[in-house]
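Survey of secondary and tertiary structure
If you want the building blocks of each chain, they are given just below.
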Amino acid sequence: MTHRTMTPFLRNVLRIDAALSGLTALALIADAEPLAAWTGLPAAALQGIGVALVPWVGLLAWLASRASAPGAAIGTVIALNFVWALDCALAAFGIVGSPQGLGVAVLTMQAVGTVVLAELEWVGLRRATAVVSASVGAWAR
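Residues numbered from 1 in each chain as written. Predicted model: local features only at pLDDT ≥ 70, side-chain atom pairs only at ≥ 80, totals over all residues. Heavy atoms only, no water.

**Considerations on the overall build of the chain**
Applied cut-off: Here a strand is any run of E in DSSP of at least two residues, a helix any run of H or I of at least four, and the numbering for each starts at the N terminus. Only protein chains enter the accessibility calculation, which uses a 1.4 Å probe. A residue is then buried if its area is under 20% of the maximum for its type, exposed if over 50%, and partly exposed in between. By definition in these notes, contact holds between two residues if any of their heavy atoms fall within 4.5 Å.
Within the chain one finds 5 helices and 3 strands. Its C-alpha atoms put the chain at 55 × 25 × 20 Å along the principal axes. Going through the 141 residues of the chain one by one, you find that 37% of them count as buried. Taking contacts inside the chain between residues at least 6 apart in sequence as the whole, the part at least 24 apart equals 78%.

In structure tokens, the structure reads:
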């Protein structure tokens, strides 16, 4: 398995992604009902997304804490960010619920922001050098 050295740039982008995802999770879990009223999106879906973001935040924070990480894991984070951006764009067009003006704006900002993070993570992954590890258990601490 090819590992990549965690550069300061990539580490910081992953930390930013984790922090923003964590804030989003907290807001969606704690305030799903008011957010649903303001955005026109289903409260249960918002709360479910918030709960689903919790392990995502853990994964991002864990990857950012490593000296090296599997390139495939970072590539998966990038791919899932692009999927999330697509989901937000589709939701903005009314595929999920009936977003109102604020809902469309929030979903559009989510989509654009997530694409920017994914692009920055891609740049960071490309800059990271490959590390040949003697064993899978040799992940740097």
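Don't stop here, the text continues.
**Examining the packing of helix α4 (residues 71–92) against helix α5 (residues 101–127)**
Two quantities define a packed helix pair, namely the angle between the helix axes and the distance between the axes. What counts, and what does not: Lines fitted to C-alpha atoms define the axes here, with helix axes fitted over just the stretch in contact, and angles between the N-to-C directions of these axes take values from 0 to 180 degrees. With respect to orientation, any angle under 35 degrees is reported as roughly parallel, any angle over 145 as roughly antiparallel, any angle of 65 to 115 as roughly perpendicular, and every other angle as oblique. For any helix crossing, the convention is left-handed if the near helix is rotated counterclockwise from the far helix by under a right angle, and right-handed if that rotation is clockwise. Each residue is assigned to one of three groups, with Ala, Val, Leu, Ile, Met, Phe, Trp, Tyr, Cys and Pro labelled nonpolar, Asp, Glu, Lys and Arg labelled charged, and all others, Gly among them, labelled polar.
For the pair α4 and α5, interaxial distance at closest approach is 8 Å and the crossing angle is 160°. With respect to their mutual orientation, α4 and α5 come out roughly antiparallel. Between α4 and α5 lies a crossing whose hand is left-handed. For the contact of α4 with α5, a count of residues per class yields 17 nonpolar, 6 polar and 2 charged.

**Brief notes about the environment of Ala69**
Among the secondary structure elements, Ala69 is positioned in strand β2 (residues 68–70). Among the residues examined, Ala69 registers a relative accessible area of 0% and is labelled buried. Distance in space between the C-alpha atoms of Ala69 and Thr2 is 8.4 Å, their sequence separation being 67 residues. Discounting residues that sit within four places of it in the chain, Ala69 has contacts with Thr2, His3, Arg4, Met6, Leu63 and Ile74.

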